[in-house]
Amino acid sequence: NAGVTQTPKFRVLKTGQSMTLLCAQDMNHEYMYWYRQDPGMGLRLIHYSVGEGTTAKGEVPDGYNVSRLKKQNFLLGLESAAPSQTSVYFCASSPAGTISGYTFGSGTRLTVV
Amino acid sequence: GIQVEQSPPDLILQEGANSTLRCNFSDSVNNLQWFHQNPWGQLINLFYIPSGTKQNGRLSATTVATERYSLLYISSSQTTDSGVYFCAGSSYLTGTASKLTFGTGTRLQVTL
């Protein structure tokens, strides 16, 4: 049971380039989330999804887009990367209801130069 | 949204010591979770504890929802307990996603 898998683990982008981060979960969870972690600021929610075909904005959505075409996958896209998007990105999933907590992926460290 | 405050921000312990980490919330929550981020960056869910007390080995957590705080107890600390401990909470409606707000963490270092 892999849990939540994120790819890639590391990436360096030039300003203006685009990329997609992939999150895959094999726990049949309904809800999926993308967070970013910056030094001294904890984790902040970028976008989330409550089911296949649905997405919604979180606390810091600007500059990012997401898609959830399949229940097990949640994609995070950067259309035109900026240095301010240098961060560690975490994907998480959780079941619907109040059963249990989040399961996180291992993170993607992104540097924009 | 809610505000989450954690204390202390940093903690250094000698192996074998006990400690208590605290998390305060600005508003009532119906979802409260504690996480450990190890030195390699992996986030591990320790407890899902919107109320009451739970124990898992040397770790236990208590949430007093009516007073808007939660405590994480670490007993007989080991070097493998080092890392950053985050609490996170949300107040959400049944049938909607629970969007957690994270505190800034308590950085724990356990020394020999």
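Conventions and cut-offs
Residues numbered from 1 in each chain as written. Chains lettered and ligands numbered in written order. Predicted model: local features only at pLDDT ≥ 70, side-chain atom pairs only at ≥ 80, totals over all residues. Heavy atoms only, no water. Helix = DSSP H or I, 4+ residues; strand = E, 2+ residues; numbered from the N terminus. Polar contact = N/O pair within 3.5 Å; in protein donor to acceptor, adjacent residues only side chain to side chain. Contact = heavy atoms within 4.5 Å. Buried area = accessible area lost by both parts, 1.4 Å probe. Salt bridge = Lys/Arg side-chain N within 4 Å of Asp/Glu carboxyl O.

Colleague: Looking at this structure, I do not really get the side chain of Lys71 of chain A. What am I missing?
Modeller: Residues and elements named next belong to chain A. Tracing the sequence through the fold places Lys71 in the loop between strand E7 (64-67) and strand E8 (73-78). At 2.8 Å, the side chain of Lys71 forms a polar contact with the side chain of Asn28. The residues contacting Lys71, other than those within four sequence positions of it, are Gln25, Asn28, His29, Glu30, Met32 and Glu52.

Colleague: I would appreciate a short explanation of the interface of chain A and chain B in the present structure.
Modeller: Size of an interface: often given as the accessible area lost when the parts come together. Counting residues at the interface gives 21 residues for chain A and 19 residues for chain B. Across the interface of chain A and chain B, roughly 1,600 Å² is buried in total on both sides, 59% from carbon and sulfur atoms. Ranking the residues of chain A by area buried against chain B places Leu43, Tyr102 and Phe104 of chain A at the top, with a combined share of 31%. Our count for the contact surface shared by chain A and chain B stands at zero salt bridges. Inspection of the chain A/chain B interface yields six residue pairs in polar contact (both at pLDDT 80 or more). Top contributing element to the side of chain A that touches chain B by residue count: strand E4 (residues 31-37) of chain A, with four residues.

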